[in-house]
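Letter by letter, the chains look like this.
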Amino acid sequence: MSDNQDTLPEISTNGLPAEEPIANPGLPAHTWRPTDIDPAAEKRAERQVAALFGISMISTVLFVVAFFAFKVGDEPTVVGGFGASTVALGLTFGIALLAIGVGVIQWARKLMGDHEIVEMRHPASSSPEDREVTLTQLAQGLDESGIGRRPLVRNTLLGAVGLLGVPMIVALRDLGPLPGDKLYHTIWTKGMRVVRDVVGTPIHVSDLQIGDLLNGEPEALFPSEENGYPELSGVDSQIAKSKGAVILHRMEPSEITPSKGRENWSVQGIVAFSKICTHVGCPISLNEQQSHHLLCPCHQSTFDLADNGRVLFGPAARSLPQLPIEVDDEGYLVAQSDFTEPVGPSFWERD
Amino acid sequence: MSFDKVANTNAKTAATARKPSRGAAAVEWADDRLGLATLAKKQLRKVFPDHWSFMLGEIALWSFVVLLVTGVFLTLWFKPSMAEVEYMGSYDQLRGIHMSEAYASTLDISFDVRGGLLLRQMHHWSAMLFIAAMLVHMMRVFLTGAFRKPRELNWIIGGTLILLGIVEGFAGYSLPDDLLSGTGLRIADGLVKATPVLGSYMSFFMFGGEFPGDDIIPRLYTVHVLLIPALLLALIGAHMLLLVYHKHTQWPGPGRTNDNVVGYPLLPVYMAKAGGFFFIVFGVTALMGGLLSINPVWKYGPYDPSKVTAGSQPDWYMGIAEGLLRIMPGWETHIWGKTISWNVFLPGQIAPIVLLTMVLAWPFLEAWVTGDKRVHHLLQRPRNAPTRTAFLAAMITVYGLLWAAGGNDILAVKFHQSLEMISYFMRGAIFVIPPIVFVITRRWCISLQRHDNETLLHGYETGVIMRSPEGGYTERHLPVNEERAYKLTARDRDEVYDGAGETDANGVAAPDSRVKRLRSRLSTAMFVNNVQKPTVEELEDGHHHAEHELELEEGLDHSADGHQFDGRHSIEGEPLRGGH
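Residues numbered from 1 in each chain as written. Chains lettered and ligands numbered in written order. Predicted model: local features only at pLDDT ≥ 70, side-chain atom pairs only at ≥ 80, totals over all residues.

A closer look at the overall build of chain A
Right, on to step 1. A tally of regular secondary structure across chain A gives seven helices and 14 strands.
Right, on to step 2. The C-alpha atoms of chain A give 38 Å as radius of gyration, which overshoots the globular expectation for 351 residues (20 Å, by more than 25%).
Right, on to step 3. Referenced to the eigenvectors of the C-alpha coordinate spread, the extents of chain A come out at roughly 100 × 80 × 50 Å.
Right, on to step 4. Sorting the 351 residues of chain A into buried and exposed places 36% on the buried side. (Helix = DSSP H or I, 4+ residues; strand = E, 2+ residues; numbered from the N terminus. Rg over C-alpha atoms; globule rule 2.2 N^0.38 Å. Buried ≥ 20, exposed ≤ 12 C-beta atoms within 10 Å, placed from the backbone.)

Topic: the interface of chain B and chain A
Right, on to step 1. In this assembly, 112 residues from chain B lie in contact with 97 residues from chain A.
Right, on to step 2. Of all the elements, helix α10 (residues 266-291) of chain B adds the most residues to the side of chain B that touches chain A, at 16 residues.
Right, on to step 3. Residues of the side of chain B that touches chain A, tallied by class, amount to 51 nonpolar, 37 polar and 24 charged.
Right, on to step 4. Pairing between strand β3 (residues 117-120) of chain A and strand β4 (residues 260-265) of chain B: four bridges, direction antiparallel. Opposite Val118(A), over in β4(B), you have Val262(B) as the bridge partner. (Contact = placed C-beta atoms within 7 Å. Nonpolar A, V, L, I, M, F, W, Y, C, P; charged D, E, K, R; others polar. Pairing = 2+ DSSP bridges.)

Here we look at the domain arrangement of chain B
Right, on to step 1. Domains assigned within chain B are domain 1 (47-320) and domain 2 (455-567).
Right, on to step 2. Put simply, the middle of domain 1 of chain B and the middle of domain 2 of chain B, counted by C-alpha atoms, are 47 Å apart. (Domains from an automatic or database assignment.)

Things to note about the nonpolar core
Right, on to step 1. If you look at the biggest cluster of nonpolar residues, it comprises 73 residues, and the most contacted ones within it are Leu97(A), Phe130(B) and Met134(B).
Right, on to step 2. Residues within four places of Phe130(B) in sequence aside, it is in contact with Ala60(B), Ser63(B), Phe64(B), Leu67(B) and Gly165(B).
Right, on to step 3. By size, the runner-up hydrophobic cluster in this structure holds 72 residues, among which are Ile270(A), Leu295(A), Leu175(B) and Leu220(B). (Core = buried A, V, L, I, M, F, W, Y, C linked by C-beta atoms within 7 Å.)

Observations concerning the domain arrangement of chain A
Right, on to step 1. The assigned domain composition of chain A is domain 1 (29-110) and domain 2 (183-335).
Right, on to step 2. Centre-to-centre separation of domain 1 of chain A and domain 2 of chain A, based on C-alpha positions: 59 Å.

Some details on helix α9 (residues 216-246) of chain B
All names here are of chain B.
Right, on to step 1. The first and last C-alpha atoms of α9 sit 42 Å apart over 31 residues, in line with the 45 Å expected at 1.5 Å per residue.
Right, on to step 2. Its maximal kink placed at Val223, α9 deviates by approximately 35°.
Right, on to step 3. Against the buried residues of α9 lie α3 (55-75), β3 (98-100), α4 (101-111), α6 (152-174), α7 (179-193) and α8 (199-207).
Right, on to step 4. Note on α9: the residue one or two positions beyond its end, Lys247, has a positive phi of about 65°. (Expected span 1.5 Å × (residues − 1). Bend = angle between axes of the 7 residues up to and from the residue.)

Here we look at the sheet that holds strand β10 (residues 302-304) of chain A
Residues and elements named next belong to chain A.
Right, on to step 1. If you trace the four strands from one edge of the open sheet to the other, you get β8-β9-β10-β11, paired in antiparallel fashion. Only two strands of the sheet have a single neighbouring strand rather than two, namely β8 (286-288) and β11 (310-313). Taken over all neighbouring pairs, the strand axes of this sheet differ in orientation by 30° on average, direction set aside.
Right, on to step 2. Where strand β9 (residues 293-295) lies against β10, three bridges are found, and the strand directions are antiparallel. Residue pairing in the sheet places His293 in a bridge with Asp304 of β10. (Axes fitted to C-alpha atoms, helices over the stretch in contact; angles between N-to-C directions.)

Dropping the structure here:
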């Protein structure tokens, strides 16, 4: 306890001693541990620590064995329903590490010296003399530089360095193209067929029963020689999909209450709405069959498909955009045009 | 057992210079070139105080090391590319499907690299541990007042670390480019687009064009493996250096004052304990990685912007942002042909920053109100700062409510409630419940303070019931021992600042009187109800009272059962209840 390495006692400023109801009784006396006074206990602790290190070594060896013994890949070794490799490697590695950790801490607790040491604290601040010298040097340095006396030099330097920020910002310009009107258009065009989202086959009016919900995609996402749409790269396909996905829903024509101008946007009770939520852009997929309500699984915005995609509940502010559809010569559903408003989350420029 | 036999580790004599060993020669070689001995002299036997709660930050530190180690391994196999490939690996259900190279290489790590899945799961588990440990560590620092002068800067560094850790975690779980992480990015895109004026530009610059583009994964990869880890490393370094420079705080106790630090030396005890603890954290992470499944990306499939899974949830630390997004009403302003999406911008960008700033700013508010310029190295018990404790309790309540709101669909299913009702409830609860929690916690703390004073003045309850000759029953109280009594009194008295009435000689209010009035009002609100520790006189009165009671029973020569605690017998060696 007399192991003070720093002897810079400070006067306590924290609470006046006279106010203290009970004086600080001082550090309690050190008490010996069993391992300090009983050689048998000491030996036992020593053996425990060594045994833990031994367990770690065995476990590490087992790790290497398991690494080569258990297969992964096409036909992984499975034990008890688990991939044997991962479980065995995790177990052996974990035990190898834990045994070292527990062993070292046991060593520290039982066998290392356990005298508590008192160290005095120093104030975080420098001494007043040091502070004084620093301030003087600062003032002297600044004075010699003449930065205060030569505002022309100072200001032009500030201007020059400040201007250097511009190239850094300008250089970021090519991170991506400007939005332009891209957010206002999707891949849909007049006469493009609505196709099934996975297989890409066109959808006949008679394919949908009342109450049915179907995920649709623009046919251009499934280019073939037959339909003549150009090949799409992976990125373009993903971008087109992120805006073009639609939901088809069929209900009794009498249930639809189209707003002005949308009277002929549906076909025999079939309506097509954007699948992309107007909140933050999740694909909407949960349907309440009876009520024609569509729920976004991400943040639960609910839209009414019978009432122009109006928001019924949740954080979305805008109605779901509707895709005007009609029937082509063969009775398949096609778009009358692109969406008439931007699809997906709101952004500043749009009205 | 005799006490004269002492293990040789507790040396009783000073070490004497021996003939130079090989180790000494190595030190000499290094010191000739680096001159580290001067620094090492001070630091090798540096004292660290011991308390279980000081381990929380250590968990965060060591999980960060585990993250670095496992993360470096993962980079050896992961391909941060969104180029489209056909998966030909071992996982049967996805073979032949087109996907990004990032997702395919994540599948390879999971199925075709031995130990790859273990590393992935260890990496993800340690990330959760890292952020959880930082948050709990922050609560510990807050509740014990460890942020007070001179540690304010370290408090801010810690808050920045938590923010960076969360961003790092989000960047990390977006990398596999599976359906769930792609949905997360889509939501991030929506959040960015909601930024007034710049939103759509920011989105196009982030994704290299329209969402999803093919740039975001490689860009996030650089952010995830280089930019943020470097910042984290630098800030953790600064955090630790300041910790060493300030020396660790400690709990007040016998011999433990504001001017010293009592504990074990760095070499060997603390080094062994901390080093051993690193292996324990690493080992537990390895066990979790081997036995507990996390983020099974192969079940979600590759990202497809037209698909989503029901019950989509981000990692738990994003839960409050998710909850905020979900319960926000659908407010949007359309003005001059432009759109301000309050429904996304407020909960997604503003609210999380405001909440974090509120917690980070509290220490400065408190310091301003108390006007306390003294340095504090002794920790406070949470009950002795009732307003502060209640504030954190309220903030934790906000956090918990938002967390629950982030899972409102799951709550609706589990509790058979309507989703709408849960959301409406949460909209109100977020404003109503935290103040209630604040009031309750504050009164609770003050009651505990009162209890402490009762223990000091009247002793602790022994559980021994005494019957008086008249037939009345009383419980015997005994004074607590000196150590405990000292600990209960080792705290500052709160002072309520009163600057309201200050006027100058002419009776004109001082120019900054409005500020002073605010400060007085806050000070009163914070401290006036607190119970202060007893004065010397009160304590003496209490003791006299106890002695008087004993005198009244002087005539008795024996006591009922439990006599050993009646205050007339030595209690040395008697089993005491509750470890008093």
